[in-house]
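Spelled out from the first residue to the last, the chains are:
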Amino acid sequence: MPWYNKITQKIVAAINQQLPEAIAELADLSVPPQPELGDLSWPCFAAAKKLGLSPVELAKDLATKLTDLAWSEIETWQAVGPYLNCHFSGSVIAQVVIDEIRTQAGDYGRSDIGQGQRIMIEYSNANTHKEYHVGHLRNLFFGDSVQRILNFCGYQAIPVSYLNDFGIHIAKVIWKLNQLPEDQIMPANRGFYLGQIYVEASQELKENPEAQTEVSAIMQRLEAKLEPEYSRWQETRQWSVDQFNAIYGELDIRFDHTFFESEYLDQGREIVTAMLADGRLEKSQGAIIANLEQENLGVLPIFRSDGTSLYPVADLPLAQAKFNDYQLDESWYVIDERQNLYIEQLAAVLRRLGINKPIRHLSYSFVKLPSGMMSSRNGTVITYEDLKKQLLDKEREEINRRHVDWSEEQQIETAWQVVAGALKFEMIKVGADKPITFDIEQALSFEGFTAAYIQYAAVRLAAIIRQTDSDDQTGVLDLNEPLEKNLLLKLAKFSQVVELSAEQTDPSVLAKYLFELAQMFNDYYQKVRIIGSKQAASRLQLARAIRQVLANGLNLLGINAPKAM
């Protein structure tokens, strides 16, 4: 258990020993608004009321009693009005915290709160045959960072992708492709090309509604696995899959398995037929539905009136397979907030199938552009390929301006680390329930709440560490500056922040912590001399510890901590 967790538990236990009954809890502890008031504070209001005492008098009494205890970690106990505050010993904190970080290195902050609980997290539910755009990135990075944090906290989080590779959108693409010359040369990135074809098809069908009949016929032939449509679908689906895999590879995203909607349709039809026969589903105006009115969940369409399937047909057998094949404790879906009702409806139908294990929806809000909402159908999106190029071009210009002596390989590698960090951080730093307006200029800024700001702090620390040949990390630490104590306390709280991020499934909590740590270091760097000072050896150890924690935290967000920028 990390030192900070131990000391907070020890404080709560000591307070309770001085009370007639155990009243204090860990959640009651807080950080005073000004450092001079103390490092931790316990409010006496609730306990004093329960004991029939004055909060001010209770704080004074506890401060006196606790002062008599011999604690190397705590210098003083102090009553500040109705609050019991304590001041930690800076020298003890320095030795314990820096030793923990040095010995644990990349494992610093790891915990076992998950106790091996098996959770499957399904994200990156992209549609094949459509553009992969900036809106998809929020889903991708949110899911990836959540599973990284959960695994770091002792869960067995299983990342999987589910591709919607069968639907009316594919019939539209095939309809459009059928109009193209047979000898037309295809571009290298055929997955990206399919997205462009989808936009063209959607716009043309708006102006030619009669063609919808042709699209419906293609869809019916696809579901019946008739040629040539079925082979055309198989070929073009692989184009999209290749593109997605390339994107995942360059963004360091890994899945344990990829599920395809098409793999579960036949089994889904069997399930629907059985449920229809025994009354768990019903027909309505030619369609097959789940009537969930008694559960206040409305009606869930399963099959359209023309006999073509909707999402639940594959989602039902897939949910069964997940629990049966992976022995899961819970199954989580990372899908945008528009699907809140659908996930509740799906869970209700699964209960009718006898599946009662927990299903959780990790919902998130939209990504907007400064110009407004995006739509693949209308072509008002920034595709991933276009966005990547814009960001890389801008960052290459900046790096070339600052590092004319760098090789092209070094420029490209560093530019990509900055760009990938910017893409991920912009999608993670905001709570999932809040919309994001993605701004390219802001994303790459070295100022403000950005990945580049945190990465540059890590780079500056690496540069400081490189300035010395000494690797001596032993001896008594001399870190008595107030700013140093604040930094040490911030480092000590890293494990608690990671655990809170896991418990709330909210990577933005960790993102905010890393930004604050980078801010604190930059303030320290401006005010305190490191290299050449009498405390240089101790301050270098502090620098190593700060860089390690920044690197650990960034890694949990899927972001690199560069050594140069």
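Residues numbered from 1 in each chain as written. Predicted model: local features only at pLDDT ≥ 70, side-chain atom pairs only at ≥ 80, totals over all residues. Heavy atoms only, no water.

### Some details on the sheet that holds strand 4 (residues 118–123)
By way of backbone hydrogen bonds, the strands of a sheet pair with one another, either parallel or antiparallel.
Part 1 of the argument: Strands sit in the order 6-5-4-10-11 across an open sheet of five strands; the sheet is parallel. At either margin of the open sheet sits one strand with a lone partner, and together these are strand 6 (257–260) and strand 11 (359–364). When the angles between neighbouring strand axes are averaged without regard to direction, this sheet yields 25°.
Part 2 of the argument: Looking at chain direction, strand 4 and strand 10 (residues 330–336) are connected through four bridges and run parallel. (Pairing = 2+ DSSP bridges. Helix = DSSP H or I, 4+ residues; strand = E, 2+ residues; numbered from the N terminus. Axes fitted to C-alpha atoms, helices over the stretch in contact; angles between N-to-C directions.)

### A look at the pattern of salt bridges
Part 1 of the argument: Under the defined criterion, the tally for this structure stands at 34 salt bridges.
Part 2 of the argument: For Arg-269, the salt bridge is made with Asp-266, and the minimal N-O distance between the two is 2.8 Å. With a gap of three residues between them, Arg-269 and Asp-266 both fall in helix 10 (residues 265–277), about one helical turn apart.
Part 3 of the argument: Each of Asp-144, Arg-148, Asp-252 and Arg-254 takes part in salt bridges that share partners, so that together they form one network. (Salt bridge = Lys/Arg side-chain N within 4 Å of Asp/Glu carboxyl O.)

### Focus: the packing of aromatic side chains
Part 1 of the argument: For the structure shown, the criterion picks out 20 aromatic pairs.
Part 2 of the argument: Measuring from centroid to centroid gives 6.5 Å for Phe-142 and Tyr-364, while their planes differ by 70°, and the two rings are edge-to-face. Remark: Tyr-364 occurs in strand 11 and Phe-142 occurs in helix 5 (residues 134–152); sequence separation between them is 222 residues. As far as burial versus exposure is concerned, Phe-142 and Tyr-364 are alike and both buried.
Part 3 of the argument: Here the aromatic rings of Phe-446 and Tyr-456 are separated by 5.8 Å at their centres, their planes lie at 70°, and the arrangement is edge-to-face. Placement of Phe-446 in the loop between helix 15 (440–443) and helix 16 (451–466) and of Tyr-456 in helix 16 is noted, with a sequence separation of ten residues between them.
Part 4 of the argument: By relative accessible area, which is 23% here, Phe-446 ends up partly exposed.
Part 5 of the argument: Pairwise contacts between aromatic rings join Phe-425, Phe-449, Tyr-453 and Phe-515 into one cluster.
Part 6 of the argument: In this structure, Arg-237 packs its charged tip against the face of Phe-260, placed 4.5 Å from the ring centre.
Part 7 of the argument: Note that Arg-360 overlies the ring of Trp-332, its terminal NZ or CZ placed 4.7 Å from the centroid. (Phe/Tyr/Trp six-rings, centres within 6.5 Å; stacked < 30°, edge-to-face > 60°. Buried < 20%, exposed > 50% of the residue type's maximum accessible area, 1.4 Å probe, protein only. Lys NZ or Arg CZ within 6 Å of the ring centre and 35° of its normal.)

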